[in-house]
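# Report on the structure
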Amino acid sequence: MTHSRLLQLATNDEGFCFDPRTGETYQLNDTARLVLTELKKGQSEDAAARTLAATYEIPLHEAETDTQEFMQMLRINGVI
Amino acid sequence: MKQTKKLTRPYSKPSMVKLGGPLYAKHGAASNNSVPVRTSISKVPVSELAQKFGSPLFVFSEDAIRNAFTNYTEVFKRFYPKMVFGWSYKTNYLKAICAIFHEEGAIAEVVSDFEYEKARALGVPGEQIIFNGPYKPKAALKRAIEEGAVIHVDSMDEIYQIESIATEIKLTARVGLRVNMNTGVYPQWSRFGLNIESGQAMDAARRLAKAPGIDFEGIHCHIGTFMLSVQAYEIAAEKMANLFLEIESDTGIRLKYIDMGGGFPSKSHLKGVYQSPEVAVPNISEYAIAITSCLKRIFADSELPTLVLEAGRHLIDEAGFLITSVISRKLLPDARRAYVLDAGVNLLYTSTWYRPVFELDGDEGSFLEPAVLFGPLCMNIDVVDNSLMLPPLRVGKRLVLSPVGAYNVTQWMQFIQYRPAVVLVRKNGKVDLIRHKESLEAVENLEVLPEDLQQKQATVLGFKSRNVS
Ligand SMILES: Cc1ncc(COP(=O)(O)O)c(C=O)c1O
């Protein structure tokens with residue numbers, strides 16, 4: 001369900017994101033784009049956090065919390 | 001493990017901002033703004049200050065203080081020959097700060113026995129102290145009379161009290177009369193001194209003119225603080241000059257001075273004023289011209305009285321900064337990012353009325369999201385700012401708040417947390433500690449624990465630590 005919703009999102013390289021279900025548009029930053037791309041590929045939240053941590057060389061616990069918060073943002077905004 | 005491409009870009013938390021939403025409309029394109037950056041204060045790196053003295057930390061710039069004072073005094077002296085400048089202690093009475101103003105030539109303006117004692121302990125002679133305020137204990141009045149300070153009386157009762165003390169100790173008290181008036185601004189500060197329009201000020205002046213043991217030297221007003229209206233000063237100066245002349249014609253006494261108080265704004269952002277301080281705050285020369293041209297016009301045919309001023313905030317606000325750090329972050333249920341800072345309303349008394357500028361000690365990019373800043377107190381009211389657009393910040397990130405030099409390090413509270421250190425960046429770039437961070441000992445210094453309450457421990461079962469035997 002989450003995955004299929006995410007697949008519907010239209011995003012571009014500038015981080016512009018359109019949700020056709022609600023008609024809302026969002027601006028994503030680079031790291032949000034990275035996490036979203038991983039999730040759309042079918043990766044789990046944990047795996048996306050690991051990629052984030054490795055890409056930016058930050059502690060895994062920080063990447064995990066930040067990924068969880070990003071998921072909350074998607075939920076609060078009604079994207080997923 | 002999957003091979004990942006290493007990036008040189010700094011890390012920023014994943015974030016999304018809804019476009020076209022209310023915040024977007026208010027703040028413009030979320031990705032086109034940026035938050036101001038400040039990496040140093042008076043050329044000393046913020047990181048160095050925080051590493052050496054800890055966070056939070058109040059930082060004052062000696063250069064900024066001296067420049068503000070020089071600029072202000074030169075402007076007034078350009079328009080008026082007989083100036084005396086007082087430094088309003090309550091605005092910031094740290095010893096080092098007061099000492100700089102005194103070195104620059106300011107006398108002390110104090111409003112309590114505590115402030116009076118502070119000025120004297122700092123070496124200010126009594127004759128260079130203006131003693132204001134609604135409550136001056138008898139012992140303080142006596143000392144002020146003995147040491148030749150100028151006492152600005154706030155009420156008729158105080159006049160009688162000074163008469164009686166002066167007669168008792170057989171000395172003459174130097175006295176000025178605090179007055180209030182309608183200058184067209186709201187609120188009218190009518191609680192201090194005696195009112196001009198109702199005739200009370202003249203009644204008090206008549207009493208002072210013939211009171212035993214009193215040298216009636218001048219009249220004083222302070223029409224408000226952060227006064228954005230130049231016109232209010234013009235009105236006040238006119239009323240003060242007319243009162244001065246009326247006192248002369250009525251009592252035969254020609255006073256020495258008119259004290260117009262302080263109240264000149266700093267470049268701070270008063271909440272509810274929608275223009276930026278750069279637009280809303282008039283230049284100090286506008287105030288100088290308004291006051292001095294009025295006095296010169298009214299005293300055209302006679303000797304000019306000395307003009308005394310007692311500015312506070314205008315001289316110190318912009319010289320003060322607060323360094324604070326992000327302790328933790330969370331996402332609020334409404335998707336706003338929240339940060340807990342190590343400095344809160346305990347240190348930022350003025351944040352109720354004024355909104356400081358929030359600067360980051362490094363560029364965090366231009367992707368901004370709505371954020372809330374909480375302080376470290378376990379109190380719901382400890383909100384430093386609840387509608388800021390900030391880039392996503394990591395734990396440990398430092399912010400620099402300014403201007404915060406006026407009224408914060410006097411009205412801050414020791415509540416829940418220790419108050420932090422205060423440092424002064426000197427002219428030569430050296431950084432001097434001017435107030436230690438509080439310690440348990442310093443805070444509890446005045447407490448007394450009765451002997452029979454010492455070393456009492458509760459005997460509680462089932463609430464034990466495994467680590468303690
Ligand atoms: C009598 C008197 N003088 C001077 C000041 C300094 O005011 P400001 O900081 O607005 O210049 C005050 C402050 O309230 C005051 O009460």
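Since the structure is predicted, the reported quantities are computational estimates derived from the model, not experimental observations.

All names here are of chain B. Taken together, 16 residues are adjacent to the ligand, and T225, G263, E310, R313 and Y407 come closest. In the model, an oxygen atom of the ligand is placed 2.6 Å from a nitrogen or oxygen of the Y407 side chain. Bound to the protein, the ligand loses 94% of the 400 Å² it would expose on its own. Classifying every residue of the shell around the ligand gives 2 nonpolar, 9 polar and 5 charged.

Residue and element names in this part refer to chain B. Mapped onto the elements of the fold, E163 is located in helix α7 (residues 156-169). E163 sits in the buried class, given a relative accessible area of 8%. For E163, the contacting residues outside a window of four places in its chain are R207, A211, P212 and I214.

Before going further, it helps to spend a moment on helix α2 (residues 46-53) of chain B. Residue and element names in this part refer to chain B. For α2, the complete set of buried residues consists of V46, L49 and A50. Axial view of α2: buried residues confined to an arc of 95°, hence all on one face. Opposite the buried face of α2, by more than 90 degrees, sit the exposed residues Q51 and K52. Phi turns positive one or two residues past the end of α2, at G54, with a value near 90°.

Counting along an α-helix, one turn takes 3.6 residues, and residues three or four places apart therefore face a common direction. Taken as a whole, helix α2 (residues 30-40) of chain A has its buried residues at T31, A32, L34, V35, L36, E38 and L39 of chain A. At the exit of α2 of chain A stands G42 of chain A, carrying a positive phi of roughly 100°.

Quick look at the interface of chain A and chain B now. Taken together, the contacts link 32 residues of chain A with 30 residues of chain B. Taking both sides of the interface into account, the surface hidden between chain A and chain B amounts to around 2,700 Å²; carbon and sulfur atoms contribute 58%. The three residues of chain A that bury the most area against chain B are Q27, E69 and M73 of chain A, which together make up 23% of that side's buried surface. On inspection of chain A and its partner chain B, the count reaches 7 salt bridges. We note a salt bridge from D66 of chain A to R329 of chain B, for which the minimum N-O separation is 2.2 Å. Here chain A is connected to chain B by 11 residue pairs in polar contact (both at pLDDT 80 or more). Secondary structure elements with two or more residues in the side of chain A that touches chain B: β3 (24-28), α2, α3 (45-56) and α4 (60-76) of chain A. Tallying contributions element by element places α4 of chain A first for the side of chain A that touches chain B, with 9 residues. Classifying every residue of the side of chain A that touches chain B by side-chain character gives 15 nonpolar, 9 polar and 8 charged. Alignment of β3 of chain A against strand β1 (residues 16-18) of chain B, held across 3 bridges, turns out to be antiparallel. By the bridge assignment, Q27 of chain A is partnered in β1 of chain B with V17 of chain B.

Once that is clear, we can look at the side chain of K13 of chain B. For K13 of chain B, the location among the structural elements is in the segment before β1. Of the residues examined, K13 of chain B reaches a relative accessible area of 0% and is grouped as buried. Only 3.2 Å separates the side chain of K13 of chain B from the side chain of D66 of chain A, close enough to count as a polar contact. When near neighbours in sequence (up to four residues on either side) are disregarded, K13 of chain B contacts N29, T31, E62 and D66 of chain A together with R329, R337, P392, L393 and R394 of chain B.

The next thing to look at is the sheet that holds strand β1 (residues 10-11) of chain A. A sheet is described by the order of its strands in space; here 4 strands give the open sequence β1(A)-β2(A)-β3(A)-β1(B), paired in antiparallel fashion. Where the open sheet ends on each side, the last strands, each with one partner, are β1 of chain A together with β1 of chain B. Across 2 bridges, β1 of chain A lies against strand β2 (residues 16-19) of chain A in antiparallel orientation. What sits directly across from A10 of chain A, in β2 of chain A, is F18 of chain A. Docked against the sheet, α2 of chain A engages β1 and β3 of chain A, running at close to 115° with respect to β3 of chain A.

Rules used throughout
Residues numbered from 1 in each chain as written. Chains lettered and ligands numbered in written order. Predicted model: local features only at pLDDT ≥ 70, side-chain atom pairs only at ≥ 80, totals over all residues. Heavy atoms only, no water. Near = heavy atom within 4 Å. Polar contact = N/O pair within 3.5 Å; in protein donor to acceptor, adjacent residues only side chain to side chain. Areas by Shrake-Rupley, 256 points an atom, 1.4 Å probe, with all protein chains shown as cover. Nonpolar A, V, L, I, M, F, W, Y, C, P; charged D, E, K, R; others polar. Helix = DSSP H or I, 4+ residues; strand = E, 2+ residues; numbered from the N terminus. Buried < 20%, exposed > 50% of the residue type's maximum accessible area, 1.4 Å probe, protein only. Contact = heavy atoms within 4.5 Å. Arc of directions from axis to C-beta. Buried area = accessible area lost by both parts, 1.4 Å probe. Salt bridge = Lys/Arg side-chain N within 4 Å of Asp/Glu carboxyl O. Pairing = 2+ DSSP bridges. Axes fitted to C-alpha atoms, helices over the stretch in contact; angles between N-to-C directions.

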